[in-house]
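Analysis of the macromolecular model
Now for the letters of each chain:
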Amino acid sequence: MGFLDISNVTKSYGSVQVLHQVDIAVEEGEFLVLVGPSGCGKSTLLNMIAGLESITSGEIRIKDRVMNGVHPSKRNIAMVFQSYALYPNMTVGQNMTFGLEMHGVPKPERDKALADVAKLLQIDHLLDRKPGQLSGGQRQRVAMGRALVRDPDVFLFDEPLSNLDAKLRVDMRTEIKKLHQKLKTTIVYVTHDQIEALTLSTRIAVMNKGFVQQLGTPKEIYDQPANLFVATFMGSPAMNIIPTKVVLEGDAPHAELSDAEGNRVLLALNQRNLTAWAGREILLGIRPEAITDPEGADRNSGSIRPLSNVVTVTEPAGADTFVTMSLSGKDVIARMRADAAVHPGQRFEFAVNMEKAVAFDPQTEARITP
Amino acid sequence: MSAVTQDTSVSTGRVTRAFIYLVLILFALFYLLPLYVMVVNSLKPLPEITGGNMMALPREWTLEAWGSAWSTAQIGVSPTGLKPYFLNSIMMVVPAVALSTMIGAMNGYILTKWRFRGDVWVFGLMLFSCFIPFQIVLIPMARVLGMLGLAGSVPGLILVHLVYGIGFSTLYFRNYYAAFPTELVRAAQIDGAGFFRIFWRILLPVSGPIAVVTIIWQFTNIWNDFLFGASFGGVNQPMTVALNNLVQSSTGVKEYNVHFAGAILAALPTLFVYIVAGRYFVRGLMAGSVKG
């Protein structure tokens, strides 16, 4: 039984079901990120926790209190909206204390809470300004301040960083993480940005088409994706997915591939239970950072396999160089050190860390678990 | 965003510009001509009008006609001037405008932020009221006012104008609030504000431009209305009806200077509203159509 319990929750609009059997238990102090492409139902779920959308079936409980049908203001939650939703006619100070005022908190207490939060977020000098006179980052802080002042059980964030420019977004991301570490509050955070999800969360729920595809820690989601959708959605550049056939060499399973010139290449698979798949097709998933030059390979890995192939394109990106090659007719991206000596059109010895490789069933798209 | 200028004009040459100004000034003079005639002749003694040039400035300036129009001119059977009717109009217009604007704002708020099943139909029906000609409702309205015991009274006129005004005021406010971010309403709900509190504290304070548009529109329409005033005014007729009685009287000498003064008096309040609030008018009509 968690601090915030979402059990068997569904949502339908008429005959259209937009959320299917969502089951998530959030512990106190956890930072849960709901991530997924547009229309996956993540914002709907957040709005249901907030009480802004009704629950079609199932139950949402906060601190063991059933929230179905409870008015948003009675749930002891606070929400930060994508557009910040600051009241344009009120000053920053009035914006932040409006909720307390509505809940009948006396003025001296309101002022004290306001002063504390304003100091924490370093917006004390802005309290008399109107939202229209603030920059994007300042508005973002005020919106968070408005949530913090209430001292709620659960914070809800609805894509709070998507209206900021790239640099500010990275800064605010760190701020939010710091704030969470300091205050140890329970947070549910919606985003479509997988980097935000990985950096901020203690747990991630990856959603698609109204289903929770996988619920787990950032590391679990990244290293052991439950299915093809999670594998390709999380991580940038996306995981390389190569259709391949499993063949047995001795009794060890190997992936049968062909290089750019059509030569047969065999890669030894670490996963022993893939022997059962001998002679059948699988989808082999390898993250770009698991394909490197031999010097850049992970020394702690016991399964670095050499792979000779022709380089198609190199893309230097400052810290890394992205190298594209063709494997079994698919473009495969490798992520190398900036100073790796790779040249387009030449043959190169790649090093593949097969410890990090995952396999998917082409029919069900689910991961073949070891 | 601040680097984007509000300048929407196309740069033109000097000659073109001079030509444009010339045309504009000519049109402005042409439109001002009736007002000039009215003002000038209202400041002349009667013989100067009947015996002279309508366009000429007065040889003898006098405010006599204004005084007469205001307090002593013969309106119908009694020599009261326009003053009591002016007061009737004020007593009718102020509550009718205030109430129809408030109700329109509330309707717009409900139709955009508290949507319900069939709300589009309700709004459609309210819009329909904007297109019903006044003449059609005269007889049913007379019956309703009679049943309510409001026939021939100022409250009766207020009710008539209120009913007719709600369609337009709802249309204005609905379209204005449709562009108002719903996230703000949701934020206020989470903050614990209820239906009326959200309306008073969040929406109304930013409704200035559209309120001005609605007030100007309602004020002009209600003040200038003749048909309802003549039909349902009874002894409490509004300014427009009294002005008609003053100007159209078929007995005695036609005191043109008094007529002109009376007509200006009848037009002054709407003119005043336009001058005071006019600059918000265009701004309000344009609100939401352009970002920023």
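Everything numeric here is computed off the predicted structure, so don't read it as measured data.

**Quick word on the overall build of chain B**
Each helix and strand counted, chain B has 13 helices and zero strands in total. For chain B, the α and β elements follow one another from N to C terminus as α-α-α-α-α-α-α-α-α-α-α-α-α. Relative to a compact globule of 292 residues, whose C-alpha radius of gyration would be 19 Å, chain B shows 24 Å and is clearly more extended. Overall size of chain B, expressed as C-alpha extent along the three principal axes, is 75 × 65 × 30 Å. Split into buried and exposed, the 292 residues of chain B put 40% on the buried side. By sequence separation, contacts in chain B at least 24 residues apart represent 71% of the contacts at least 6 residues apart. Total accessible area on chain B is roughly 16,700 Å²; 70% of this is exposed by carbon and sulfur atoms. Of note, chain B has its 17 positive side-chain charges centred 11 Å away from the centre of its 9 negative side-chain charges.

**Describing the UniProt feature "domain: ABC transporter" (unreviewed entry) in chain A**
On the UniProt side, "domain: ABC transporter" (unreviewed entry) is annotated at positions that read residues 4-234 of chain A here. Here residues 4-234 of chain A runs as 37% helix and 26% strand, with 25 Å between its end C-alpha atoms.

**Concerning the packing of helix α4 (residues 83-113) of chain B against helix α10 (residues 208-224) of chain B**
All names here are of chain B. It is the contact of α4 with α10, at a shortest axis distance of 9 Å, that shows an interaxial angle of 145°. Read as a crossing pair, α4 and α10 show a hand that is right-handed. For the pair formed by α4 and α10, the contact residues are Phe86, Ser89, Ile90, Met92, Val93, Ala96, Val97, Ser100 and Thr101 on the first element and Thr214, Ile215, Gln218, Phe219, Ile222 and Trp223 on the second. Grouping the constituent residues of the contact of α4 with α10 by class yields ten nonpolar, five polar and no charged.

**Topic: the pattern of salt bridges**
The final tally for this structure, using the stated rule, is 22 salt bridges over all chains. In this structure, Glu101(A) and Arg201(B) form a salt bridge, with 3.0 Å as the shortest nitrogen-oxygen distance. Remark: Arg201(B) occurs in helix α9 (residues 195-203) and Glu101(A) occurs in helix α2 (residues 92-102); the pair is interchain, linking two chains. Residue classification places Glu101(A) among the partly exposed positions, given a relative accessible area of 27%. According to the relative accessible area criterion, Arg201(B) is partly exposed, its value standing at 28%. Asp116(A) serves as the salt-bridge partner of Lys112(A), at 3.0 Å between the closest nitrogen and oxygen. Of this pair, Lys112(A) and Asp116(A) both sit in helix α3 (residues 107-120), four residues apart, which is roughly one turn of that helix. For Asp116(A), a relative accessible area of 44% translates into the label partly exposed. Because the salt bridges share partners, they merge into one network encompassing Asp293(A), Glu295(A), Arg337(A) and Asp339(A).

**Some points on the pairing of strand β10 (residues 211-216) of chain A**
All names here are of chain A. One ladder, built from five bridges, connects strand β9 (residues 203-208) with β10; its direction is antiparallel. Bridging from a neighbouring strand, Ile204 pairs with Gly216 of β10. Count of turn residues in the β9/β10 antiparallel hairpin: two residues, of which Lys209 carries a positive phi of about 50°.

**What about the UniProt feature "transmembrane region" (unreviewed entry) in chain B?**
Residue and element names in this part refer to chain B. UniProt records the feature "transmembrane region" (unreviewed entry) for residues 18-39, 85-108, 120-142, 154-177, 198-219 and 260-282 in the present numbering. Helix makes up 78% of residues 120-142 and strand 0%, with an end-to-end C-alpha separation of 30 Å. As annotated, residues 154-177 comprises 100% helix and 0% strand, and the C-alpha atoms at either end are separated by 32 Å.

**Remarks on the pairing of strand β11 (residues 240-249) of chain A**
Residue and element names in this part refer to chain A. As defined by bridge partners, β11 adjoins strand β14 (residues 281-286) across six bridges and the pair is classed as antiparallel. Bridge pairing links Ile241 to Gly285 in β14. Between β11 and strand β12 (residues 252-258), which pair antiparallel in sequence order, lie two residues; one of them, Gly250, sits at a positive phi of approximately 70°.

**So, helix α6 (residues 134-148) of chain B**
Within an α-helix, residues lying three or four positions from one another point in the same direction, as the helix has 3.6 residues per turn. All names here are of chain B. Relative to the 21 Å expected for 15 residues at 1.5 Å per residue, α6 spans 20 Å between its end C-alpha atoms, a close match to the ideal helical length. Those residues of α6 that sit buried are Val137, Leu138, Met141 and Leu145. Residues of α6 that are buried make contact with α7 (154-178) and α11 (227-232). Gly149 sits one or two residues past α6 and shows a positive phi near 70°.

**Some details on the interface of chain A and chain B**
Chain A puts 28 residues into the contact, and the matching count from chain B is 15 residues. Summing both partners gives a buried area of about 1,800 Å² for chain A against chain B, and 59% of it is carried by carbon and sulfur. The interface formed by chain A and chain B holds two salt bridges in total. Connecting chain A to chain B are nine residue pairs in polar contact (both at pLDDT 80 or more). Going through the elements one at a time, α1 (42-50), β6 (77-80) and α2 of chain A are the ones with two or more residues in the side of chain A that touches chain B. Partitioning the side of chain A that touches chain B into residue classes produces 15 nonpolar, eight polar and five charged.

Thresholds, definitions, all that
Residues numbered from 1 in each chain as written. Chains lettered and ligands numbered in written order. Predicted model: local features only at pLDDT ≥ 70, side-chain atom pairs only at ≥ 80, totals over all residues. Heavy atoms only, no water. Helix = DSSP H or I, 4+ residues; strand = E, 2+ residues; numbered from the N terminus. Rg over C-alpha atoms; globule rule 2.2 N^0.38 Å. Buried < 20%, exposed > 50% of the residue type's maximum accessible area, 1.4 Å probe, protein only. Contact = heavy atoms within 4.5 Å. Areas by Shrake-Rupley, 256 points an atom, 1.4 Å probe, with all protein chains shown as cover. Lys, Arg positive; Asp, Glu negative; His and termini not counted. Charge placed at Lys NZ, Arg CZ, Asp CG, Glu CD. UniProt positions renumbered as here; feature names shortened; annotations may be inferred. Axes fitted to C-alpha atoms, helices over the stretch in contact; angles between N-to-C directions. Left-handed = near helix turned anticlockwise from the far one by under 90°. Nonpolar A, V, L, I, M, F, W, Y, C, P; charged D, E, K, R; others polar. Salt bridge = Lys/Arg side-chain N within 4 Å of Asp/Glu carboxyl O. Pairing = 2+ DSSP bridges. Expected span 1.5 Å × (residues − 1). Buried area = accessible area lost by both parts, 1.4 Å probe. Polar contact = N/O pair within 3.5 Å; in protein donor to acceptor, adjacent residues only side chain to side chain.

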